[in-house]
Amino acid sequence: MNRSRSGVGPRLLIAGLAVLFACLGAGRAHAEDGHDLWLRYHALAAAPAGIDTRQAVQLVAGQGSPTAKAASGELVRGLGGLLGKTPELSGTVSRDGALIIGTPASSPVVAGLHLDTRELGREGYLIKSVVVNGHPATAIVGNDDIGVLYGSFRFLRLLQTGHPATGLDLRDRPQVKLRVLDHWDNLDGSVERGYAGASIWDWWKLPGYLDPRYTDYARANASIGINGTVLNNVNADPLVLTPAYLKKVAALAGVFRPWGIRVYLSARFSAPIEIGGLKTADPLDPAVRQWWRDKADEIYRVIPDFGGFLVKANSEGQPGPQDYHRTHADGANMLADALAPHGGIVMWRAFVYSEHDLDDRTKQAYNEFKPLDGAFRDNVLLQVKNGPLDFQPREPFSPLFGAMPKTPLMMEFQITKEYLGFATHLVYLGPLWEEVLRADTYAKGKGSTVAKVVDGQLDGHTLTGMAGVANIGTDRDWSGSVFDQANWYAFGRLAWDPTQSARAIADDWARMTFTPDDAVAKPIVGMMMASREAAVDYMTPLGLAHLMGAGHHYGPAPWDDSLPRADWNPVYYHRADKNGIGFDRTRKGSDAVDQYAPPVAAEFNSLKSTPDAYLLWFHHLPWDYRMRSGRTLWDELVMHYSHGVDEVKQMRATWKSLDGRIDAQRYAQTAAFLAIQQNEAQWWRDASIAYWQSLNHLPLPAGYAPPAHTLDYYKSLSFPYAPGH
Ligand code: BDP
C-alpha cells in the first residue's frame, strides 16, 4: 500500500497532468458547462472563405471610447477562438482579409470608404466586403460605437454559424428602441419565479466588488442587442431607492455602460412614505411630487444615464395611485414629470386585476387602461403582457394591443418559465412570441400586427419597447439549463426585430451554442420548434389555461379551488362540470371578445371560426361537441394530452441520437432534464385526464392508456418547496 502510494501515485499524477495539458492545448481548459452561452468561439472546423488563417487577421480599429474597445476586444477574443489565431491590431490594411471597424468620425480608414450610413441611426451597423489598398477586407461600420459593437457581434455570429466572410453587404438597425430585461430579483438575493439559482446581483458586496459575471452578462446582452436592464423585482422593495443602494446601482451601471446597457429600477409607489417619511404617496400631493423630483435628481447625480422606472401599481396588493382615488395616469405622470428633465422614462405595467371586480379577469386590464388612452405623458410607456391573463403556454394576444393608439405599448414577455415547467422542461419560447407578434389586431385594417403596434409603425410612435422577464441566475449556465439560454437569446433577437422568425433564431442559436454542423444543428432546431406545442398539449390543450398548482405553478392541479380569490383558482378558468368545459367569453358569456377589433371579435365570437387552439378560451362546450376533425371534444382533448407526451418522447429520442456529438456535460444534463420532462408531461396528462373523467365519467378513446394513478393520488401531491415562489 505504502509503496504504491509513493511509487504509482506520482506516475498517475504525471499522467493526469499530461492529459490536462493535452486538453488545454486543444483549447478545452474546462468542461462545457454552458457558461459561455452562445459566445463560445470554439475553433471552427475550417477557416471561412475570405479569411486566410495562415496569418493572423489584421484588425484596423477606430480610436476610442470604452464601447469601441469592447468591440475590438470582442473581435480579438472571438476571432482568436474561432480561427485559432489572435488578430493583429494594425493602423492600415496591408494584407488580404483585414477587418476594418469604427465610425467615420473615429477612423480615417472608415471615413475613406465613403459608405452611406444615413439609414443606420445610432445603434445600426453595416457589414460590407470592400477593397482597401488592393486588399479584400471587411468593414464593420456604424454612426456610433454602439453600432460598431453590435456589428462586431453580428460578424462573429456569421462566422459561428458557418457563413463565409466574402461578398458581405448587410445593414441592420433595431426596430424597437428599448430592449429590456426585467429582473424579478429581490434585494435578499432571491428571485421571484427564478429557476436558475440566486440573483446574480451581489448587493452585499456591491459597490466594492464587481463580479466579472457582470461584464459577461453585459457582453451576452449586447451580443443580442439588449440595451436596458431593470435590476429589481416589480414587487419592489423601496430600499433600492436609498443612497446606499443607489451607489450599488451606479457601480453596475458603470460596468454595463460600455456595452450600451442602461439600468432602470422598479419603483415602489409608496416609497415616499416608507423611505421618505411622508404621510402619503398621493400623486397629486405637492410634497409627494417634490419628493419624487428630488429622488430623480439624486439618482441622476450618481447615474447620469439612468433609464427610468418600472412600476407595478394597484396590482396583486402593490400600492398605487388608486389608494388615493387617483388614476393610473395620475401615478405614471407624476413619475414621468420627475424623470423628464433628465430624459428618463416610465414603464407603467398594465397587469392589473382587482379582487373587488367580479368581471372576467382577462377583461380587467383593458377596462382599466383603454379609457386612459391619450392621458399619459410622452415619456410613459404602458407595459402589457402578451396575453390578457398571465404568461400561459398559450393565450390569445392582449386586446390592449391596437386599442390604445395614443399610447406607446411596450410588450412584456416572460423568459423565465413560470408556467412552462420551470428550467427542466425544454420549451423554446420563440414560437410563442412569434405567434403573438404576428397576430393581427385589425386595429387599422388587415395587417395591423401586434409587432407593428410594438415597434411603433402602426401609430407612429418613436418611443417603443419590449421587455422580457429574465431567466438569469447564479447557476453556471446562467439560465438553469442550456436550452433555457435559447429563450434569453430569442428574446433579444425579437426585441431587435419583432418580425424575425423563431426558426431562424433557433437555427443561429443551435449553431452557436453547439456546432454549425447541420447533422447536429438541424435535429436540435427540430426539437426546439416542436417543444412549445408539446408543452401546450400536455399542460393546457385547446385553449385551456391556468390549471397549474396554486402559488408555485408547478404541475397540474385543475381541481384546485382552495385559494381565497376566485380568479387565482384553476376551477375559475376551466368551468368544467359533468356537462362540459371551457370559459364562455363570447357575447353570450363574459363578452371579452368585444375588446378586440370587430373582425377579431367576430372570429372569436363564432364557434365556427375560432381556431381549435383558442377553443376553450372563448367557448364553453359540451364534452361531446363535434370538432372539425370529426372527433368529440373529449376524445380530441385526450388525444392532445397524449400527443404532448409523445412529442417529449420524440425529443428524447432525437437527443439520444446526438450522443457523442455533443460535449459530455451538456449532453448529460439535457438528457436528464428531458427524462424529468417526460415524467412530468405524463403526470400532467394523467392527472388532467383523471380529473376530467371524475366530472364527465366518459371512457377514454380506444387505444389510449388510462392514468397511471388515481385522482386522489394526484391530489395528494404537494410541493411546499417548489422554487421561485
Ligand atoms: C405573476 C407571477 C407573480 C408576479 C406577477 C407580475 O406569478 O410572481 O409578481 O405575475 O407579473 O405571473 O406582477
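Residues numbered from 1 in each chain as written. Predicted model: local features only at pLDDT ≥ 70, side-chain atom pairs only at ≥ 80, totals over all residues. Heavy atoms only, no water.

Observations regarding the sheet that holds strand β8 (residues 228-230)
Rules: We treat two strands as partners when DSSP finds at least two bridges between them. By the criteria applied, helices consist of DSSP H or I runs no shorter than four residues and strands consist of E runs no shorter than two, each listed in order from the N terminus. The axes used here are C-alpha line fits, helices contributing only the stretch in contact, and every angle between their N-to-C directions lies in the interval 0 to 180 degrees. The contact criterion used is simple: two residues touch if any of their non-hydrogen atoms lie within 4.5 Å.
Taken together, the eight strands give a closed barrel; going around it, the order is β7-β8-β9-β10-β11-β12-β13-β14, and neighbouring strands pair in parallel fashion. Between one strand axis and the next, the sheet turns by 25° as a mean value, whatever way the strands run. Across three bridges, β8 lies against strand β9 (residues 262-266) in parallel orientation. When the bridges of β9 are listed, Val-230 appears paired with Tyr-264. Across the sheet, helix α11 (residues 430-438) lies against β13 (409-414) and β14 (465-469), angled at about 160° from β13, the strand it touches most.

Section: the packing of helix α15 (residues 518-539) against helix α19 (residues 633-657)
Convention followed: An angle below 35 degrees is treated as roughly parallel, one above 145 as roughly antiparallel, one from 65 to 115 as roughly perpendicular, and anything else as oblique. Left-handed describes a crossing whose near helix is turned anticlockwise from the far helix through less than a right angle; right-handed describes the clockwise counterpart. Throughout this entry, Asp, Glu, Lys and Arg are counted as charged residues, while Ala, Val, Leu, Ile, Met, Phe, Trp, Tyr, Cys and Pro are counted as nonpolar. The remaining residues, Gly among them, count as polar.
Orientation of α15 relative to α19, taken along the N-to-C sense of each, is 155°, at an axis distance of 8 Å. Between α15 and α19, the angle falls in the class roughly antiparallel. As α15 runs across α19, the sense of the crossing is left-handed. Packed against α15, whose contacting residues are Pro-523, Ile-524, Met-527, Ala-530, Ser-531, Ala-534, Asp-537, Tyr-538 and Met-539, the element α19 presents His-640, Tyr-641, His-643, Gly-644, Val-645, Glu-647, Val-648, Met-651, Thr-654 and Trp-655 at the interface. In the contact of α15 with α19, the residues fall into 12 nonpolar, five polar and two charged.

Digging into the domain arrangement of the protein
Stated formally: For the purposes of this description, domain bounds are those given by an automatic or database domain assignment.
What the domain assignment reports for the protein is domain 1 (58-172), domain 2 (178-503) and domain 3 (537-583 + 620-716). Look at where the C-alpha atoms of domain 1 and domain 3 centre, and you get two points 50 Å apart.

Some remarks on the UniProt feature "domain: Glycosyl hydrolase family 67 catalytic" (unreviewed entry) in the protein
What counts is decided by this rule: UniProt positions are given in the numbering used here, feature names are shortened, and annotations may be inferred rather than shown by experiment.
Per the UniProt record, "domain: Glycosyl hydrolase family 67 catalytic" (unreviewed entry) is found at residues 159-478. Within the segment residues 159-478, helix and strand shares are 25% and 13% respectively, and the terminal C-alpha atoms sit 24 Å apart.

A short note on the UniProt feature "domain: Glycosyl hydrolase family 67 C-terminal" (unreviewed entry) in the protein
With numbering aligned to this structure, UniProt lists the feature "domain: Glycosyl hydrolase family 67 C-terminal" (unreviewed entry) at residues 480-703. Segment residues 480-703 splits into 55% helix and 2% strand. End C-alpha atoms: 37 Å apart.

Thoughts on the side chain of Gln-485
Here is the rule we go by: Burial classes follow relative accessibility: with a 1.4 Å probe on protein chains only, a residue under 20% of its type's maximum area counts as buried, one over 50% as exposed, and anything between as partly exposed.
Along the polypeptide, Gln-485 turns up in helix α13 (residues 482-496). Judged by its relative accessible area of 1%, Gln-485 is buried. Discounting residues that sit within four places of it in the chain, Gln-485 has contacts with Gly-34, Leu-37, Trp-38, Asp-477, Ser-479, Trp-509 and Thr-513.

Brief notes about the site of the ligand
So the rule is basically this: One heavy atom suffices: a residue is near a molecule or strand as soon as one of its heavy atoms comes within 4 Å of it. Whenever a nitrogen or oxygen atom comes within 3.5 Å of another N or O atom, the pair is scored as a polar contact, on the condition that within protein one atom can donate a hydrogen and the other can accept it, and that pairs from neighbouring residues in sequence are kept only if both atoms are in side chains. Computed with the Shrake-Rupley method and a 1.4 Å probe, the accessible areas treat only the protein chains shown as cover for residues.
Not every one of the 14 residues close to the ligand is listed here, only the nearest: Glu-192, Lys-312, Arg-349, Asp-390 and Glu-418. One of the side-chain nitrogen or oxygen atoms of Glu-192 is found 2.4 Å away from an oxygen atom of the ligand. Between Arg-193 and the ligand, the recorded distance is 2.9 Å, taken from a side-chain N or O atom to an oxygen atom. In isolation the ligand has 320 Å² of accessible area, and contact with the protein removes 97% of it. Its residues assigned to classes, the shell around the ligand comprises four nonpolar, two polar and eight charged.

Points about the environment of Gly-228
Relative to the elements of secondary structure, Gly-228 occurs in strand β8. Remark: the alpha-carbon pair of Gly-228 and Asn-579, spanning 351 residues in sequence, is separated by 50 Å. Apart from the residues lying within four places of it in its own chain, the contact partners of Gly-228 are Arg-179, Val-180, Leu-181, Ile-261, Arg-262 and Tyr-264.

Things to note about the pattern of salt bridges
How we decide: Each reported salt bridge corresponds to a side-chain nitrogen of Lys or Arg within 4 Å of a carboxyl oxygen of Asp or Glu.
A complete count under the given rule lists 45 salt bridges for this structure. Between Asp-169 and Lys-128 there is a salt bridge, with its nearest N and O atoms 3.7 Å apart. With Asp-169 in strand β6 (residues 169-172) and Lys-128 in strand β4 (residues 125-132), this pair connects stretches of sequence that are 41 residues apart. By relative accessible area, Lys-128 is classed as partly exposed at 25%. Across the salt bridge formed by Arg-685 and Asp-686, the nearest N and O atoms sit 2.7 Å from each other. Exposure class is identical for Arg-685 and Asp-686. Each is buried. By sharing partners, the salt bridges in this structure join Glu-32, Arg-40, Asp-663 and Arg-666 into a single network.

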